[in-house]
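Residue-level listing of the chains:
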Amino acid sequence: MHTHPLERFWIYLSAGLLVVFAFAVAFSSLVLGIEIPGIEDQAVPAAAAGEYPPNQGWIRELAPGRYEVNMMTRVWTFDPGEIRVPRGSTVTFYLHSADLLHGFRIQGTTVSLMAIPGQVGKVTYTFTTPGEYPFVCHEYCGVGHHLMSGRVIVEGN
Amino acid sequence: MSGVAPYEMRTSEKRLVLWFIGIGFAHLAVGILMGLLQGLQHAGIDLYRVVPLVRHYYQGLSIHGVFNVLVFTTYFIAGFLLFVTGYGLGRPLPGLRLGWVTFWVMTAGLVLVDWALLANKASVLFTSYAPLQAHPAYYVGLVLVVVGTWLLLVIMTQAYLAWRRENPGRRTPLITFGALATIFMWGLASVGIAVQFVGLLIPWSLGLLPGVDPLLSRTLFWFTGHPIVYFWLLPAYISWYFMLPRQVGGRLFSEPLARLAFLLFIPLSLPVGFHHQYLDPGVSVGYKAIHGLLTFAVFMPSMLTAFTVLASVETGGRARGGRGWLGWIGRLPWQDPSVTAQLLAMVLFAFGGISGLVNASFTVNLVVHNTLFVPGHFHLTVGTAVALTFMGVTYWLVPHLTGRRLWSRKAALWQAWLWFFGMTLMSRGMVWAGMLGAPRRTALGSAPYFQPEWTDPLRLAAFGGVLLTVSGVLFFVNLVGTLWGAPRGVTTEVPVAEPVEEGRAMPAFLDRFTPWVTVTAVLVAAAYLPTLYRLFAEMRLTVPGLRPY
Ligand code: HEM
Ligand SMILES: [Cu+2]
Ligand SMILES: [Cu+2]
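Residue numbers here run from 1 along each chain, matching the order of that chain's written sequence. The naming scheme follows written order: chains are lettered A onward, ligands numbered 1 onward. Totals for whole chains, interfaces and linings use every residue, but because this is a predicted model, local features are given only for residues with pLDDT of at least 70 and side-chain atom pairs only at 80 or more, for both listing and counting. As a rule here, side-chain values cover all heavy atoms of the structure and leave hydrogens and water aside.

## Points about the site of ligand 1
Residues and elements named next belong to chain B. Around ligand 1, the structure places 27 residues, and the nearest of them are Tyr57, His64, His379, Arg440 and Arg441. Side-chain atoms alone can form a polar contact between residues adjacent in sequence; in general such a contact is a pair of N or O atoms within 3.5 Å, and within protein one must be able to donate a hydrogen while the other accepts it. One of the side-chain N or O atoms of Asn68 is found 3.3 Å from a nitrogen atom in ligand 1. Take Arg440: an N or O atom from its side chain is 2.9 Å from an oxygen atom of ligand 1. Sorting the residues of the shell around ligand 1 by element identifies helix H1 (11–42), helix H2 (57–89), helix H15 (373–402), helix H16 (409–435) and helix H17 (455–485) as the ones contributing at least two each. The dominant element in the shell around ligand 1, judged by the number of residues it contributes, is H1, at six residues. Residue polarity is assigned by list, with Asp, Glu, Lys and Arg as charged and Ala, Val, Leu, Ile, Met, Phe, Trp, Tyr, Cys and Pro as nonpolar; anything else, Gly included, falls into the polar class. In terms of residue class, the shell around ligand 1 is built from 14 nonpolar, eleven polar and two charged. Throughout this document, a residue counts as near a molecule or strand when at least one of its heavy atoms sits within 4 Å of that molecule or strand. Put simply, DSSP H or I for four residues or longer makes a helix, DSSP E for two residues or longer makes a strand, and each gets a number counted from the N terminus.

Okay, structure coming up:
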């Protein structure tokens, strides 16, 4: 098929750009380790039982600076709604929904996940800077959706 | 020859087209009013208690989303595709009776949808995510609208096959070719929501199923939910590729590449839905990555379009005496509102495409997912590239159909420029607020966690929204004026562009649909079947519905 030379140049340029973008995405995911959720984590937190039932909200310290949070969402609250950890802590969140679709986004971080009834989302983040990090529901869940929020407080030393 | 001889459609066909377009725009008018309320609410001006039409932000937002991108688009497109099919083939549509049946099926559905939305019985937003539950009438109504689009597919296929029998060996006229590619793509794409609505949502909302599987439902939705954006966009491309060059006094730059771009959209639009589900637990990262790569691939036909359309418009500017690298731009007929609207729509579409790449990028998406960045992106694409182009088309189409002059050319020019500036500001404000973390689909003006740094971007967006609303008012006044007030007895040409190289040799697969539909089926099976199979195998219809609105 005959194509104009400029047009051919444009096609190669576009394809080249997309290849560069694809590599950048692959790099951010494989090398920088930026996670997105998959099916691999459909388990509840390891050995959650007793004091830490899988279907309730809780925070537990696994080791100094290592935390696990079981986050329950329902209209229009997060449980736990406030999380206090010392600076430098690495926190793994397990996200559940008891009713509708909800969202979980911690402002100023890369933590962002969908809460879907029947699925468990998992994301890990290290809080290096002290301060208050509000988290909000970012999926519509009824008339009180804009009221649904909480906060992570990272305490300095 | 792939061009089109002038042809007059029968009056009854013209009436049908006008009805589709008219009902579409009537809904857009209400939708835009809701948009204004949303923008102002974000900037701290809450008019929901003053305007008695809707009870709260989310009812208004449901109306805004459904009316603008489900009703307005579908109705305009139904009318426009019927028009270009009949006009392009230069023969009466074989199923005119079926055309009216289509209209009434869709409109019966629309009445149900309108009622449910206005009565606050379907404030679930246009995505209808279960387990949020709407009144059954809403789901049934939307299904009837989709059934209408399938009837449209039947009419268009009949017309095409009849034409092929009558014209053996001739290439399909370009505008009709574009229309067929659009409707075939949609026929394949709509399977997802058909299964979702008929199989899950309707029986569930009627109480016939104990519950719903939210992830399965959502996955079926996005099977259709991404390709639907190409169902909106391709009719605008029909105008940009095959009509606008004529309006600017030029020719289509490359016929084979134009056809190739349309055909590529059939297989590439579909297997990409997971890019809306990057942050969903329960869908594997591997398949998300595959859909992410294919999303980059579907960017290619849009890049082809950028080149061919711009080069075609350039032939017009040069034919009108434009010189130098950019001199042809000033020579384009900017005093023609139909041309101006479409050229401005293209400019903003470029930014829409760039912001779309951000959304599509797997990991970068994390930062903007479900923030106002996303509406900042799609008001440039569907909200401008599509909506403003449809308005531009209306500026010649409605005069052509009614035999009346456009009521006010000046108002139309103002309308196009105001939309351009209004959308630039609104979209900039939204993208900016989104990058600062402001969530979308949220009555931010009432949110306790409102961040002070969101104030400026949201005011900017609200100001843009006001300009847009003024633009909308100008458009609707002009439309009403043209339909009922403007002088009669005026003939308006249907612009159809000829290719630069008339009748150039071209491989046969560029004028056939079957190979492309087959490739699509294979690609979609590879991208979707493993996940869908797993989701169906693990399906648990246990989550009850909730109507917290
Ligand atoms: C006067 C013009 C318009 C204004 C002021 C406006 C304003 C807005 C605002 C502020 C939002 C964000 C609401 C939120 O996320 O909380 C929004 C969402 C939206 N707009 Fe517009 N808009 C306008 C025109 C349009 C047009 C022409 C279209 C499409 C044809 C459109 C389609 C949408 C869609 C699909 C949404 C998302 C709804 C949802 O999230 O469920 N808008 N609009
Ligand atoms: Cu919410
Ligand atoms: Cu998409």
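## Here we look at the pairing of strand E5 (residues 89–97) of chain A
All names here are of chain A. In terms of residue burial, E5 counts as a mostly covered element, since nine of its nine residues are buried. When DSSP finds two or more bridges between two strands, those strands count as paired. Of the pairings in the sheet, the one linking strand E2 (residues 66–74) to E5 comprises eight bridges and is parallel in character. Counted as the bridge partner of Val69 is Phe93 from E5. Pairing analysis gives seven bridges linking E5 to strand E8 (residues 121–127), with the strands arranged antiparallel. Its bridge partner lying in E8, Val91 is registered against Tyr125. Here's how the labels work: a residue is buried when its accessible area is under 20% of the maximum for its type, exposed when over 50%, partly exposed in between, all with a 1.4 Å probe on protein chains only.

## Examining helix H7 (residues 214–225) of chain B
For H7(B), with twelve residues, the first-to-last C-alpha span of 16 Å sits near the 16 Å given by 1.5 Å per residue. Within H7(B), twelve of the twelve residues are buried, which leaves the element mostly enclosed by the surrounding structure. We call two residues in contact whenever any of their non-hydrogen atoms come within 4.5 Å of each other. Those residues of H7(B) that are buried are in contact with strand E7 (112–115) of chain A together with helix H5 (174–189), helix H6 (191–205), helix H8 (227–242) and helix H18 (514–537) of chain B. For a helix, the expected span equals 1.5 Å multiplied by the number of residues minus one.

## Examining the coordination of the copper ion (ligand 3)
Where a metal carries four tetrahedral donors, each ideal angle is 109.5 degrees; where it carries six octahedral donors, the ideal angles are 90 or 180 degrees. All names here are of chain B. Only N, O and S atoms count as donors, using a 2.8 Å limit from the metal and a wider 3.2 Å limit for Na, K and Ca, and since water is excluded some coordination spheres may look unfilled. Binding of the copper ion (ligand 3) to the protein goes through His226 (ND1), His275 (NE2) and His276 (NE2), at separations of 1.7 to 2.0 Å. Each donor residue of the copper ion (ligand 3) lies on one chain, and together they are spaced H-x48-H-H. You can see His226 sitting in the loop between H7 and H8 and its partner His275 sitting in the loop between helix H10 (255–269) and helix H11 (285–319), a full 49 residues away along the chain. His275 shares its class with His226; the two are buried.

## Side note on the nonpolar core
All names here are of chain B. Of all hydrophobic cores here, the largest spans 219 residues; its most connected members are Phe25, Phe83, Tyr138 and Phe242. Residue contributions to this core peak at 21 residues, all from H2. If we ignore the near neighbours within four places in the chain, the residues touching Phe25 are Phe72, Phe76, Phe390, Met391, Thr394, Phe475, Phe476 and Leu479. We define a nonpolar core as any set of buried Ala, Val, Leu, Ile, Met, Phe, Trp, Tyr and Cys residues linked to one another through side-chain atoms lying within 4.5 Å.

## Some remarks on the sheet that holds strand E6 (residues 102–106) of chain A
All names here are of chain A. Taken in spatial order, the five strands line up as E4-E10-E9-E6-E7 in an open sheet, and their pairing is mixed. In the strand order of this sheet, the two ends are held by strand E4 (82–86) and E7, each with one partner. Within the sheet, the average angular offset between the axes of one strand and its neighbour, ignoring direction, is 20 degrees. The pairing of E6 with strand E9 (residues 131–136) spans two bridges and is antiparallel. Bridge pairing links Arg105 to Val136 in E9. In this analysis, axes come from line fits to C-alpha atoms, helices being fitted only over the stretch in contact, and the angle between any two N-to-C directions falls in the range 0 to 180 degrees.

## A word on the side chain of B:Ser355
Following the sequence through the fold, B:Ser355 ends up in helix H13 (residues 337–360). In contact with B:Ser355, not counting residues within four places along its chain, are B:Phe373, B:His377 and B:Leu380.

## Some remarks on the pairing of strand E10 (residues 149–155) of chain A
Residue and element names in this part refer to chain A. Examined bridge by bridge, E4 and E10 share five bridges and lie parallel to one another. Following the sheet pairing, Ile83 is matched in E10 by Val152. Note that E9 and E10 share six bridges and pair antiparallel. Along E10, the bridge assignment pairs Gly131 with Val154.

## Here's the deal with the coordination of the iron atom of ligand 1
Residues and elements named next belong to chain B. The iron atom of ligand 1 binds to the protein through His64 (NE2) and His379 (NE2), with metal-donor distances spanning 2.0 Å. By the criteria applied here, four donors are tetrahedral when all angles lie between 85 and 135 degrees, four are square planar and six octahedral when opposite donors are over 155 degrees apart and every other angle lies between 65 and 115, and any other arrangement is irregular. Around the iron atom of ligand 1, the six donor atoms are arranged such that angles at the metal cover 85 to 179 degrees; this shape is classified as octahedral. With His64 in helix H2 and His379 in helix H15, this pair connects stretches of sequence that are 315 residues apart. For the pair His64 and His379, a shared accessibility class is recorded, and that class is buried.

## Comments concerning the packing of aromatic side chains
Residue and element names in this part refer to chain B. Classification of ring pairs rests on two measures: the distance between centres of Phe, Tyr or Trp rings, Trp counted by its six-membered ring, which must be within 6.5 Å, and the angle between planes, read as stacked under 30 degrees, edge-to-face over 60 and tilted in between. Scanning all chains against the criterion turns up 56 aromatic pairs over all chains. Taken together, a centroid distance of 6.0 Å and an interplanar angle of 65 degrees make the contact between Phe72 and Phe390 edge-to-face. Linking Phe72 in helix H2 with Phe390 in helix H15, this pair joins segments that are 318 residues apart in sequence. Residue Phe72 shares its accessibility class with Phe390, and that shared class is buried.

## Topic: the pattern of salt bridges
Close approach of charged atoms lets side chains of opposite charge pair. Residues and elements named next belong to chain B. When a carboxyl oxygen of Asp or Glu lies within 4 Å of a side-chain nitrogen of Lys or Arg, that pair is called a salt bridge. Applying the stated criterion across every chain yields a total of 17 salt bridges over all chains. With a shortest N-O distance of 2.6 Å, Arg91 and Glu166 are connected by a salt bridge. With Arg91 in the loop between H2 and helix H3 (96–118) and Glu166 in helix H4 (residues 136–166), this pair connects stretches of sequence that are 75 residues apart. Look at Arg91 and you get buried, because its relative accessible area is 15%. A relative accessible area of 45% places Glu166 in the partly exposed class. A salt bridge links Asp280 to Arg218; its shortest N-O distance comes to 2.6 Å.

## Thoughts on the interface of chain B and chain A
Taken together, the contact pairs 66 residues of chain B with 54 residues of chain A. Both faces combined, the contact of chain B with chain A buries some 5,000 Å², and carbon together with sulfur accounts for 72% of it. Defined in terms of a 1.4 Å probe, buried area is the accessible area two parts forfeit on being brought together, summed over both. Contact with chain A buries surface across chain B, with B:Pro281, B:Phe307 and B:Leu366 losing the most and accounting together for 13% of the total. Viewed at the interface, chain A and chain B are joined by one salt bridge. The partner of A:Glu139 in a salt bridge is B:Arg441, with the nearest N and O atoms 3.1 Å apart. Across the contact surface, chain B and chain A share 13 residue pairs in polar contact (both at pLDDT 80 or more). If you list the elements that add at least two residues to the side of chain B that touches chain A, you get H7, H10, H11 and helix H14 (365–368) of chain B. Looking at which element gives the most residues to the side of chain B that touches chain A, the answer is H11(B), with eleven residues.

## Description of the packing of H1(B) against H3(B)
Residue and element names in this part refer to chain B. Contact geometry for H1 and H3: axes closest at 10 Å, N-to-C directions at 15 degrees. The orientation of H1 with respect to H3, classified from their angle, is roughly parallel. Crossing hand, H1 versus H3: left-handed. Across the interface between the two elements, Ser12, Glu13, Arg15, Leu16, Trp19, Phe20, Ile23 and His27 from H1 touch Leu96, Gly99, Trp100, Thr102, Phe103, Met106, Thr107, Leu110 and Asp114 from H3. Comment on the angle field: the value is read as roughly parallel under 35 degrees, roughly antiparallel over 145, roughly perpendicular from 65 to 115, and oblique elsewhere. With the far helix as reference, a near helix turned anticlockwise by less than a right angle produces a left-handed crossing, and one turned clockwise produces a right-handed crossing.

## A short note on the packing of H10(B) against H18(B)
Residue and element names in this part refer to chain B. At a closest axis distance of 8 Å, the pairing of H10 and H18 adopts a crossing angle of 30 degrees. Classified by the interaxial angle, the pair formed by H10 and H18 is roughly parallel. As for the relative orientation of H10 and H18, their crossing is right-handed in sense. Residues Leu260, Leu263, Leu264, Ile266, Pro267 and Leu268 of H10 touch H18, and the partners they reach there are Trp516, Val519, Thr520 and Leu523. Grouping the constituent residues of the contact of H10 with H18 by class yields nine nonpolar, one polar and no charged.

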